[in-house]
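# Chains, contacts and geometry: an overview
Here is what each chain is made of, one letter per residue.
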Amino acid sequence: MIRNKLLAAVTASVAALGLAACGGSGDGGSGGGGGGDDTITMGFAQVGAESGWRTANTESIQSSAEAAGIDLQFSDAQGEQENQISAIRSFIQQRVDIIAFSPVVETGWDAVLLEAKRANIPVILTDRSVETEQEDLFVTFLGSDFIEEGRKAGEWAVENWASTGAQWNIAELQGTTGAAPAIDRQEGFAEAIAGSPNLTVVASQSGDFTRTGGREVMEAMLNSNPEINAVYAHNDDMGLGAIEAIEAAGKVPGQDIQIITVDAVRDGMQALADGKINFIVECNPLLGDQLMDLAQQVLDGEEVPERVVTEETTFTQEQAAEVLPDRKY
Ligand code: GYE
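We now turn to the structure provided with this report. (Residues numbered from 1 in each chain as written. Predicted model: local features only at pLDDT ≥ 70, side-chain atom pairs only at ≥ 80, totals over all residues. Heavy atoms only, no water.)

## Re the environment of Gln 290
If you trace the backbone, Gln 290 turns up in helix α10 (residues 288–299). Residues Gln 290 and Ser 64, spaced 226 residues apart in sequence, show a C-alpha to C-alpha distance of 8.7 Å. (Helix = DSSP H or I, 4+ residues; strand = E, 2+ residues; numbered from the N terminus.)

Structural data, given as C-alpha cells:
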C-alpha cells in the first residue's frame, strides 16, 4: 500500500522534473522551483483563519518572506487536513525548493511527508508538530512548547484558585480535536492541577479554536453545569466567545466566572486589561523571520537544530494594561 504510493510519488516527481527541464540542481537546493534563478520558492500550507493568533501568524510569514526575497506559495486549508495534504502534493508537483506547514491535526501525515522526502524537498514544521512512524520526515520544528503553556495555566490556577480553599468548577474549552496545541494544553494543565482536589474540570469540550465555537460550547455548558465558576480556554478567541455567553447568562466574566486563556493577541489582552479575563499564557505567532532564516540555512546545507522553541511569557491584568499600547498583534 505505502509502497504503491511511494512509487506513484516517485513517478510523479520524475515527471515534474522532466517538465521543469533545466529547472534545478535536483539536490533540493535553491533555484529548483524558480526556473533557474536563485530565488527560493517556499510552499506554505496554513491551517486556516480560525483565530486572531492565526491572522497574526499568516501576516508574519507573508511579510518575512517578502523581506527575505523568498517567493511564497501560500495555501489556506480552511481547517481541513485533506486540503492541506492536497496543497503539499501540489507544492511537490511544482518542485518548490522547500515546504513549510502548520499541521491542522497531529496524525495522518506519513504518506505525504514520504512523498516530499522522495522528491528531495525538505519540510519544516512551524507552530504545530506531527506524530509520524518514521523519524526523518521533516528537518526541524519551529514553535511553542504547548505542554509548558498548559502547565503555566495550571500553575496559575493552583496559586490563585486552589489556594483560596473554595471549590473551583472549571469548564475547559479545548482547541481543535486532534491538534497538537489542544492535546498538549490539556495535558499540561491537567498535570499542574492534579494535586489540587478543589480544582475540578467539570466539563471539557472542543470549541475548535474559534470565537463562535467558544460561545456555543460555553452556552451549552452553563445550561447543564450552572455551578461553573472558572474557565480554561485553549485560546483567546474561545475565551472571548465564552465571555459573550457568560454575559448573556447574566454573570460577570472575570468575577463570577474567572477565566484563563492562551495566546495573548490584542483582543485577548484588551479583555484581560478590562478585567474580563484573569490570566493569559502567551503563545507567540510571529514565527516568520525565524522560519525564513531556517529555510535559508537548510537550503544552504547548514545543520539546523531539530527543534526550535519559541520564547514566551505570561500576563496578569496589570501587565496586560502596561504592554497593550505597544502590542503589535
Ligand atoms: O493558539 C490558536 C490557533 O497552533 C498555536 O492555533 C496555534 C493555535 C493558537 O488557532 O489560537
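## Here's the deal with the site of the ligand
Around the ligand there are 13 residues in total, and Glu 50, Asp 127, Arg 128, Asn 235 and Asp 263 lie nearest to it. Contact distances for the ligand include 3.1 Å between an oxygen atom and a side-chain N or O atom of Ser 51. Taking Arg 54, its side chain carries an N or O atom lying 3.0 Å from an oxygen atom of the ligand. Out of a free accessible area of 300 Å², the ligand has 100% covered by protein chains. Contributing elements (two or more residues each) for the shell around the ligand: α2 (52–68) and α6 (180–193). When its residues are assigned to classes, the shell around the ligand shows five nonpolar, two polar and six charged. Each of domain 1 (2–144 + 285–312) and domain 2 (146–283) contributes no fewer than three residues to the shell around the ligand. (Near = heavy atom within 4 Å. Polar contact = N/O pair within 3.5 Å; in protein donor to acceptor, adjacent residues only side chain to side chain. Areas by Shrake-Rupley, 256 points an atom, 1.4 Å probe, with all protein chains shown as cover. Nonpolar A, V, L, I, M, F, W, Y, C, P; charged D, E, K, R; others polar. Domains from an automatic or database assignment.)

## Quick word on the sheet that holds strand β8 (residues 230–233)
Read across the sheet, six strands follow the order β7-β6-β8-β9-β10-β12 without closing on themselves; strand pairing throughout is mixed. Pairing within the sheet leaves two strands with one partner each, and these edge strands are β7 (199–206) and β12 (314–315). Summarising the sheet, strand β6 (residues 168–174) and β7 pair through seven bridges and their orientation is parallel. Among the inter-strand pairings, Trp 168 is bridged to a residue of β7, identified as Leu 199. Together, β7, β8, β9 (258–263), β10 (279–282) and β12 form the strand contacts of helix α5 (residues 146–160), whose direction differs from that of β10 by roughly 155 degrees. Running over the sheet, helix α9 (residues 266–273) touches β10 and β12 and is turned about 150 degrees from β10. (Pairing = 2+ DSSP bridges. Contact = heavy atoms within 4.5 Å. Axes fitted to C-alpha atoms, helices over the stretch in contact; angles between N-to-C directions.)

## Thoughts on the pairing of strand β1 (residues 41–46)
Extensive coverage of β1 is indicated by the burial of six of its six residues. Of the two faces of β1, the one holding Thr 41, Gly 43 and Ala 45 and the one holding Met 42, Phe 44 and Gln 46 are both buried throughout. Pairing of β1 with strand β2 (residues 71–76), which is carried by six bridges, proceeds in the parallel orientation. Residue pairing across strands places Thr 41 opposite Asp 71, the latter belonging to β2. Read as a crossover between parallel neighbours, the route from β1 over α2 to β2 is right-handed. (Buried < 20%, exposed > 50% of the residue type's maximum accessible area, 1.4 Å probe, protein only. Right-handed = clockwise from strand over helix to strand, strands pointing away.)

## Some words on the packing of helix α3 (residues 81–94) against helix α4 (residues 110–118)
Put simply, α3 and α4 touch, their axes get as near as 10 Å, and they point 10 degrees apart. What the angle tells us is that α3 and α4 run roughly parallel. When α3 is examined against α4, the residues Ile 85, Ile 88, Arg 89 and Ile 92 are found in contact with a partner set consisting of Val 112, Glu 115 and Ala 116. A class-by-class count of the residues in the contact of α3 with α4 yields five nonpolar, no polar and two charged. (Parallel < 35°, antiparallel > 145°, perpendicular 65-115°, else oblique.)

## Section: the packing of aromatic side chains
Applying the stated criterion to the full structure yields six aromatic pairs. Both rings, one in Trp 156 and one in Phe 279, keep their centres 4.9 Å apart while their planes meet at 5 degrees; by these two values the pair is stacked. Taken as a pair, Trp 156 in helix α5 and Phe 279 in strand β10 lie far apart in primary sequence, 123 residues in all. When sorted by exposure, Trp 156 lands in the same class as Phe 279, which is buried. Ring centres of Trp 161 and Trp 168 lie 5.3 Å apart, and the angle between their planes is 10 degrees; this geometry places the pair in the stacked category. Exposure remark for Trp 161: the relative accessible area of 0% places this residue in the buried category. Within the aromatic cluster, the residues linked to one another by ring pairs are Trp 156, Trp 161, Trp 168 and Phe 279. (Phe/Tyr/Trp six-rings, centres within 6.5 Å; stacked < 30°, edge-to-face > 60°.)

## Considerations on the pattern of salt bridges
This model, assessed by the stated rule, comprises 14 salt bridges. The salt bridge involving Lys 117 is made with Asp 136; its shortest N-O contact spans 3.2 Å. Here the residue Lys 117 occupies a position in helix α4, and Asp 136 occupies one in the loop between β4 (123–126) and β5 (140–143), the gap between them amounting to 19 residues. Classification of Lys 117 as partly exposed rests on a relative accessible area of 37%. The shortest N-O distance in the salt bridge between Arg 128 and Asp 127 comes to 3.8 Å. (Salt bridge = Lys/Arg side-chain N within 4 Å of Asp/Glu carboxyl O.)

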